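# Breakdown of the fold
Take a look at the letters that make up each chain.
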Amino acid sequence: MPPKFDPTAISYVYVRVTGGVVGAASALAPKLGPLGLSPKKIGDDLAKATKKDWAGLRVTCRLVVQNRQAQVEVVPSAGGPGLPPP
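So, here is what we can say about the structure in this document.

Quick notes on the rules
- Residues numbered from 1 in each chain as written.
- Predicted model: local features only at pLDDT ≥ 70, side-chain atom pairs only at ≥ 80, totals over all residues.
- Heavy atoms only, no water.
- Core = buried A, V, L, I, M, F, W, Y, C linked by side-chain atoms within 4.5 Å.
- Buried < 20%, exposed > 50% of the residue type's maximum accessible area, 1.4 Å probe, protein only.
- Helix = DSSP H or I, 4+ residues; strand = E, 2+ residues; numbered from the N terminus.
- Contact = heavy atoms within 4.5 Å.
- Axes fitted to C-alpha atoms, helices over the stretch in contact; angles between N-to-C directions.
- Parallel < 35°, antiparallel > 145°, perpendicular 65-115°, else oblique.
- Left-handed = near helix turned anticlockwise from the far one by under 90°.
- Nonpolar A, V, L, I, M, F, W, Y, C, P; charged D, E, K, R; others polar.

### Topic: the nonpolar core
Counting 13 residues, the largest nonpolar core has Val15, Val17, Leu32, Ile42, Leu46, Cys61 and Leu63 as the members making the most contacts within it. At the level of elements, β1 (10-18), α1 (25-32), α2 (39-50) and β2 (58-66) are the ones that each hand at least two residues to this core. Considering every element that reaches this core, the biggest residue donor is β2, with four residues. When neighbours within four sequence positions are excluded, Leu46 is seen to be in contact with Val15, Val17, Leu28, Cys61, Leu63 and Val72.

### Side note on the packing of α1 against α2
Here α1 crosses α2 at 110°, and the two axes come no closer than 9 Å. In terms of axis orientation, α1 runs roughly perpendicular to α2. Relative to α2, the crossing made by α1 is right-handed. Facing Ala25, Leu28, Ala29 and Leu32 of α1, the residues of α2 in contact are Pro39, Lys40, Ile42, Gly43 and Leu46. Of the residues that constitute the contact of α1 with α2, the class distribution is seven nonpolar, one polar and one charged.

Given below as structure tokens:
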């Protein structure tokens, strides 16, 4: 029998996506399925979070999952919009 679901446990999932593009749900399913999350919904959330500043760039995102709710955080990288032009 599997262990009981702990609603206070926090899980971190790192994914690399193209900014502003809804990725394939089949690529997210192996990471998100065991946590009880919908890959299609998370794909839409990732696209919405990366649409403005990261459109067209490959960016690493961190999903903070607690109680089957995910929050998307974009992990800053060296090639991001935070750098001034040379």
